[in-house]
Amino acid sequence: MDQVFSNFLNWTREHEWGYPEQFNKTLDNGTRLTVWDSGVLVVEPEQPGDKDIIISCAVHGNETAPIEICSDIIQDIISGEQTVAHRVLFLIANPASINIEQRFVEENMNRLFSGAHSQGDKQNKERERAKEIEGYCERFYESAPKGERRRYHYDLHTAIRDSQREKFAVHPFTDGKPYHREQLQFLLACGVDTILLNQQSTTTFSYFSYNTFGAQAFTVELGKVKKFGENNRADFQAAEDTLRRLVGESELSFPPFDPEQHFMFAEAQTINRQHEDFELNFADDVANFTAFDKGDLLAIDGGEHRYAQHDGEHIIFPNAQVALGQRALLTVIRVPTNSLDLV
Ligand SMILES: O=C(O)CCC(=O)N[C@@H](CCC(=O)O)C(=O)O
Ligand SMILES: [Zn+2]
């Protein structure tokens, strides 16, 4: 059992599609560790606070900075270096994709949540794992102590391309529910001053937690995809420090909310690739948040021309290689922070 806790990430990678046995360990400080599966670690302090926090990484296995951050926090919890004030579920979502240093093995796991893993007749291990992960999230949130609970989920990613706004988060479609100032302040403390506001439901992990469990949930883009050991961890220090504060402190305090410090962008278009014959009308190395103007050609999909519909329409996550039917380009337009329904 020592191997599991001496390096949880390595043990997880050695059991890339799961492990049938559960492991338990109680630390000298009374914190209980429970390994439900490979890459699935529940941390519960003796006197848990009222937050139930999911921190996930490696939904895409080549996005190594979040994996390194989570691994360091986990090992510091195990060594007693990192205090724990609340229940935390750490998820290393797709170990097999880590082992091949790729975004995914067969299918993008971040398009398989909210039941998408079981739609159609396609079957693969990423679909099985996504379904298992959904079950772990439910088990974690539902097994919390009784009483009023505050649920969070930060799904940590890095982006394939450069980004004119280095760190940004994707807020799941709220379907009319308000946005929370405190979450904007938490993300700002992580170095994330830019929020994309999805305007429709998706099959991403963060939307699953937001929509299914009412968690304050985000996809958090912390920087750029790099190989293990090539991340400049100083670039991620604010995020790591703030995540450690979230885990270790009963309550977080932030400077007064200043809307001018936050940059909000509403989804303008989601362009899905519908044909094999699909191309983007800009170079592969064009950075996220590059702005186009109304009438600019963005993509050609099976001969259909797709244009920017607004001046100042920024491109996000351009990827002409996605599977048919999946998102090849998200575009967003700046909206004033004060225009949001904020609580
Ligand atoms: O850089 C890219 O093209 C993708 C980076 C990444 O994995 N982003 C997430 C965003 C998920 C969301 O929209 O909430 C993804 O594409 O899965
Ligand atoms: Zn990702």
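Not measured: the values here are computed from a predicted model.

Calculation notes
- Think of each chain on its own: its residues are numbered from 1, step by step along the sequence as written.
- To read the labels, note that chains go from A and ligands from 1, taken in the order they are written.
- Reporting of local features is limited, given that this is a predicted model, to residues whose pLDDT is at least 70; pairs of side-chain atoms are given and counted only at 80 or more, and all residues count toward the totals for whole chains, interfaces and linings.
- Side-chain numbers here rest on the full set of heavy atoms in the structure, without hydrogens or water.
- UniProt positions are given in the numbering used here, feature names are shortened, and annotations may be inferred rather than shown by experiment.
- Note on conventions: DSSP H or I runs of at least 4 residues are helices, E runs of at least 2 residues are strands, and numbering of each starts at the N terminus.
- Throughout, exposure labels follow a simple rule: accessible area from a 1.4 Å probe, protein chains only, divided by the maximum for the residue type, with under 20% read as buried, over 50% as exposed, and the rest as partly exposed.
- Note on contacts: a residue pair qualifies if any of its non-hydrogen atoms lie within 4.5 Å across the two residues.
- In the analysis that follows, any N or O atom pair within 3.5 Å is treated as a polar contact, provided that within protein one partner can donate a hydrogen and the other can accept it, and provided that, for residues neighboring in sequence, both atoms belong to side chains.
- Proximity is defined per residue: if any heavy atom of the residue lies within 4 Å of a molecule or strand, that residue is considered near it.
- The Shrake-Rupley method, run with a 1.4 Å probe sphere, supplies the accessible areas, and residue values consider only the shown protein chains as cover.
- Paired strands, in this sense, are two strands between which DSSP finds at least two bridges.
- We call a set of buried residues a nonpolar core when its members are Ala, Val, Leu, Ile, Met, Phe, Trp, Tyr or Cys and they connect through side-chain atoms within 4.5 Å of each other.
- Delimitation of the domains relies on an automatic or database domain assignment.
- Just to be clear on terms, a salt bridge is a Lys or Arg side-chain nitrogen sitting within 4 Å of an Asp or Glu carboxyl oxygen.

## Quick look at the UniProt feature "active site" (unreviewed entry) in the protein chain
Under the UniProt annotation, "active site" (unreviewed entry) lies at Glu-221. Mapping Glu-221 onto the fold places it in strand E9 (residues 216-224). Here Glu-221 falls in the buried class, since its relative accessible area comes to 5%. Once residues lying within four places of it in the same chain are set aside, the contact partners of Glu-221 are His-157, Thr-158, Ala-159, Glu-166, Lys-167, Phe-168 and Phe-317. Here the side chain of Glu-221 touches Ala-159 through a polar contact of 3.4 Å, landing on its backbone nitrogen.

## Brief notes about the site of ligand 1
Taken together, 15 residues lie near ligand 1, and Asn-110, Arg-111, Ile-160, Thr-219 and Glu-221 sit nearest. Between ligand 1 and Thr-219, the relevant distance is 2.8 Å, taken from an oxygen atom to a side-chain nitrogen or oxygen of the residue. Arg-327 places a side-chain nitrogen or oxygen 3.0 Å from an oxygen atom of ligand 1. The fraction of the free accessible surface of ligand 1 (430 Å²) that becomes covered by protein chains is 98%.

## What to know about the pairing of strand E14 (residues 304-307)
Where strand E13 (residues 297-301) lies against E14, four bridges are found, and the strand directions are antiparallel. Note on E14: the bridge partner recorded for Leu-297 is Tyr-307. Where E13 hands over to E14, the hairpin turn is made up of two residues, of which Gly-302 adopts a positive phi near 60°.

## Some thoughts on the UniProt feature "domain: Succinylglutamate desuccinylase/Aspartoacylase catalytic" (unreviewed entry) in the protein chain
In this numbering, the UniProt entry assigns the feature "domain: Succinylglutamate desuccinylase/Aspartoacylase catalytic" (unreviewed entry) to residues 51-246. Structurally, residues 51-246 comprises 34% helix and 20% strand, and the distance from its first C-alpha atom to its last is 9 Å.

## Considering unusual backbone geometry
Notably, Ala-58 is not glycine yet its phi reads approximately 60°, a positive angle. Tracing the backbone through its elements, the reader meets Ala-58 in the loop between strand E4 (51-57) and helix H3 (64-79). Positive phi is not limited to glycine here, since Phe-317 has a value of about 55°. Within the element layout of this structure, Phe-317 appears in the loop between strand E15 (313-316) and strand E16 (327-335).

## Here's the deal with the nonpolar core
Judged by nonpolar contacts, the single largest core of 54 residues is most densely connected at Leu-41, Ile-55, Ile-77 and Phe-90. Tallying contributions element by element places H3 first for this core, with eight residues. Excluding anything up to four places from it in sequence, Leu-41 contacts Phe-5, Phe-8, Leu-33, Thr-34, Val-35, Ile-74, Val-88, Leu-89 and Phe-90. Counting 21 residues, the second largest nonpolar core, distinct from the first, contains Val-59, Ile-133, Cys-137 and Phe-213.

## Re the domain arrangement of the protein chain
Partitioning the protein chain into domains gives domain 1 (2-257) and domain 2 (268-339). Look at where the C-alpha atoms of domain 1 and domain 2 centre, and you get two points 28 Å apart. Residue-level contacts link 17 residues of domain 1 with 21 residues of domain 2. Where domain 1 touches domain 2, the interface holds one salt bridge. The partner of Asp-284 in a salt bridge is Arg-161, with the nearest N and O atoms 3.5 Å apart. Our enumeration of links across domain 1 and domain 2 arrives at eight residue pairs in polar contact (both at pLDDT 80 or more). When residues of the side of domain 1 that touches domain 2 are assigned to their parent elements, the largest contribution, three residues, is made by strand E8 (residues 194-197).

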